[in-house]
Amino acid sequence: ETGVTQTPRHLVMGMTNKKSLKCEQHLGHNAMYWYKQSAKKPLELMFVYNFKEQTENNSVPSRFSPECPNSSHLFLHLHTLQPEDSALYLCASSQDWAGGSSYNEQFFGPGTRLTVL
Amino acid sequence: GENVEQHPSTLSVQEGDSAVIKCTYSDSASNYFPWYKQELGKRPQLIIDIRSNVGEKKDQRIAVTLNKTAKHFSLHITETQPEDSAVYFCAASGGGGSYIPTFGRGTSLIVHP
């Protein structure tokens, strides 16, 4: 499969559950991102990884825990979430600054629609 | 850090009319300004971008203009069609050597047939 894929596409969980979102990119990019998209804050950057190293944590609560085992895979581990965490979680990838340019198109995955009960 | 403001938040036009969405940015060192389109239930996708060494770029019915002095850039869609209905996001990057884009809050464009 090409591009950026995300699983699952839909997830319903209780506040005491633990779940994980998975993202995979087949574009040879070095940077991967997690975004939260909700009506109140349309595209909210959460985390950035560059060559598997976390370079950005945008003041995200610790109930969200990212993991990047390699440049192609990115996970978002969820635990003890709140109903206000219900949103669309988008993964994206791009080339990074080391690629020699800041003209870096973001390629988004289809997103995981998360509902916290 | 960079701050991107986008207006309007909602834009309603009749089919065939033109639509203009405007963004301002705060970091004069930003040098890359992409526009993304997100159709309902789909992922954002790049539709056009402009670099700081260019003042205008066109691709069929869409165009983007950049005014570096005023630090604003705009998306222009001519002869709008119902399939243009979507949320459009502007972004800016390159300031401080960062490749990470800062997005505007989005504009919901509705094209009435």
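The preceding data block contains the structure.
The model shown is predicted, which means the values in this text are computed figures rather than measured ones. (Residues numbered from 1 in each chain as written. Chains lettered and ligands numbered in written order. Predicted model: local features only at pLDDT ≥ 70, side-chain atom pairs only at ≥ 80, totals over all residues. Heavy atoms only, no water.)

Caption draft 1: Quick peek at the overall build of chain A. A tally of helices and strands in chain A yields 0 helices and 11 strands. Ordering the α and β elements of chain A from the N terminus gives β-β-β-β-β-β-β-β-β-β-β. Against the compact-globule benchmark of 13 Å for 117 residues, chain A has a radius of gyration of 14 Å, which places it among compact chains. A principal-axis box enclosing the C-alpha atoms of chain A has dimensions of 45 × 30 × 25 Å. Taking all 117 residues of chain A together, 50% fall into the buried category. Considering only contacts in chain A between residues 6 or more positions apart, those separated by 24 or more positions represent 55%. Of the roughly 5500 Å² of accessible surface on chain A, a fraction of 49% belongs to carbon and sulfur atoms. (Helix = DSSP H or I, 4+ residues; strand = E, 2+ residues; numbered from the N terminus. Rg over C-alpha atoms; globule rule 2.2 N^0.38 Å. Buried < 20%, exposed > 50% of the residue type's maximum accessible area, 1.4 Å probe, protein only. Contact = heavy atoms within 4.5 Å. Areas by Shrake-Rupley, 256 points an atom, 1.4 Å probe, with all protein chains shown as cover.)

Caption draft 2: A look at the nonpolar core. Ranked by size, the top nonpolar core spans 23 residues in total, and within it B:Trp35, B:Phe73 and B:Leu109 carry the most contacts. Only β2 (10-14), β3 (19-25), β4 (32-38), β5 (45-51), β7 (62-67), β8 (72-77), β9 (86-92) and β11 (107-112) of chain B provide two or more residues apiece to this core. Apart from residues lying up to four places away in sequence, B:Phe73 is in contact with B:Ile21, B:Lys22, B:Cys23, B:Tyr25, B:Phe33, B:Trp35, B:Thr65, B:Leu66, B:Cys90 and B:Ala91. Counting residues in hydrophobic clusters, the runner-up holds 22 residues, among them A:Met13, A:Leu21, A:Phe47 and A:Phe64. (Core = buried A, V, L, I, M, F, W, Y, C linked by side-chain atoms within 4.5 Å.)

Caption draft 3: Representation of the sheet that holds strand β3 (residues 18-25) of chain A. Residues and elements named next belong to chain A. Ordered by their spatial adjacency, 4 strands build an open sheet running β1-β3-β8-β7, and the pairing between neighbours is antiparallel. Bordering the open sheet on either side are β1 (4-7) and β7 (64-70), each of which pairs with just one other strand. Strand after strand, the sheet turns through a mean of 20° between neighbouring axes, direction not considered. For β3 and strand β8 (residues 73-79), the ladder comprises 7 bridges, and the chain directions are antiparallel. Its bridge partner lying in β8, serine 20 is registered against histidine 77. (Pairing = 2+ DSSP bridges. Axes fitted to C-alpha atoms, helices over the stretch in contact; angles between N-to-C directions.)

Caption draft 4: Representation of the interface of chain B and chain A within the structure. Listed as interface residues are 18 residues of chain B and, on the opposing side, 28 residues of chain A. Approximately 2000 Å² of surface area, both sides summed, lies buried where chain B meets chain A, with 60% of it carried by carbon and sulfur atoms. In this assembly, chain B and chain A are joined by 4 residue pairs in polar contact (both at pLDDT 80 or more). Elements represented by at least two residues in the side of chain B that touches chain A include exactly β4 and β5 of chain B. Here the side of chain B that touches chain A takes 3 residues from β4(B), the largest share from any one element. Of the residues in the side of chain B that touches chain A, the class split is 9 nonpolar, 6 polar and 3 charged. (Buried area = accessible area lost by both parts, 1.4 Å probe. Polar contact = N/O pair within 3.5 Å; in protein donor to acceptor, adjacent residues only side chain to side chain. Nonpolar A, V, L, I, M, F, W, Y, C, P; charged D, E, K, R; others polar.)

Caption draft 5: Geometry of the pattern of salt bridges. Under the criterion given, the structure shown has 4 salt bridges over all chains. The salt bridge partner of A:Asp85 is A:Arg63, with a shortest N-O separation of 2.7 Å. With A:Asp85 in the loop between β8 and β9 (87-94) and A:Arg63 in the loop between β6 (53-57) and β7, the pair connects residues that are 22 residues apart, well separated along the chain. Residue B:Lys37 pairs with B:Glu39 through a salt bridge whose shortest N-O separation is 3.6 Å. (Salt bridge = Lys/Arg side-chain N within 4 Å of Asp/Glu carboxyl O.)

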